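Architecture and fold: a report
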Amino acid sequence: MRLFLFFILILLGCSCKSEKKSNEAMDIVEPKRAELSFDSQIFLGNRLFSEKTCITCHDVNRVKKAPSVKEIMAVYKEKNGDIVAFLKGNAQPIVDTTATQVAIMQKNIDGFLKKITDEELNSLSIYMLHIDKLYPE
Ligand code: HEC
């Protein structure tokens, strides 16, 4: 019985090792991706806007807990604002500057938005920039 258990342990040890090796091999061959096309950026931006919960506060058309995407974009286009800079915490709010409202959005900037890649932030901003064309009245 003991010998049998010993065998099983050795077998387990071997299988773990070989798994590690194949993982290492996969790391090395991972291909570099080309830059996203315009359509892919719109697609990714749209998906992230729901996945990252933006949509729970920002409706496309209606003002809910927060300004609508169309309202935000009207101000950003007029004042030549930079969405990516704002989402990275490098630009001041220009849409709703009420302290309580700013604090709600600031929590996202200090929280989950720190974990979003530049490519994802760019896609979010491209999606928002084209909201009028994607959802015409
Ligand atoms: C918990 C609610 C909430 C969530 C979730 C949320 N926001 Fe906001 N957001 C707000 C509020 C409230 C404001 C208004 C304050 C302001 O303008 O800074 C705002 C403002 C903004 C503005 C305008 C900032 C300005 O210049 O005034 C942008 C752009 C924005 N949000 C993008 C996003 C994106 C992109 C996401 C998802 C990654 C997101 N928000 C998620 C509540 C939210």
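Whatever comes next refers back to the structure up there.
Residues numbered from 1 in each chain as written. Predicted model: local features only at pLDDT ≥ 70, side-chain atom pairs only at ≥ 80, totals over all residues.

As for the overall build of the protein chain
Tallying secondary structure elements over the protein chain gives 8 helices and 0 strands in all. When the helices and strands of the protein chain are placed in sequence order, the string is α-α-α-α-α-α-α-α. Relative to its 137 residues, the protein chain shows a buried fraction of 9%. The contacts in the protein chain between residues at least 6 apart in sequence include a share of 58% that link residues at least 24 apart. (Helix = DSSP H or I, 4+ residues; strand = E, 2+ residues; numbered from the N terminus. Buried ≥ 20, exposed ≤ 12 C-beta atoms within 10 Å, placed from the backbone. Contact = placed C-beta atoms within 7 Å.)

Topic: the environment of N108
Relative to the helices and strands, N108 resides in helix α6 (residues 99–110). C-beta crowding within 10 Å serves as the criterion here: with 16 such atoms nearby, N108 is assigned to the partly exposed category.

Quick word on the environment of D132
Here D132 lies in helix α8 (residues 131–134). With 14 C-beta atoms packed within 10 Å, D132 lands in the partly exposed category. In this structure, the C-alpha to C-alpha distance between D132 and M73, residues 59 residues apart in sequence, is 8.8 Å.

Looking at the site of the ligand
Around the ligand, 24 residues are found, and the nearest of them are C54, C57, A66, P93 and V95. For the shell around the ligand, the secondary structure elements donating two or more residues are α3 (54–57), α5 (83–87) and α6. Of the residues forming the shell around the ligand, the biggest block, 5 residues, is contributed by α6. Tallied by class, residues from the shell around the ligand come to 16 nonpolar, 5 polar and 3 charged. (Near = placed C-beta within 6 Å. Nonpolar A, V, L, I, M, F, W, Y, C, P; charged D, E, K, R; others polar.)

Regarding unusual backbone geometry
Look at T53: it is not a glycine, yet its phi comes out positive at around 70°. Among the secondary structure elements, T53 is positioned in the loop between α2 (38–51) and α3. Even without being glycine, N80 reaches a positive phi, approximately 55°. Residue class for N80 comes out exposed when judged on the 7 C-beta atoms lying within 10 Å of it.

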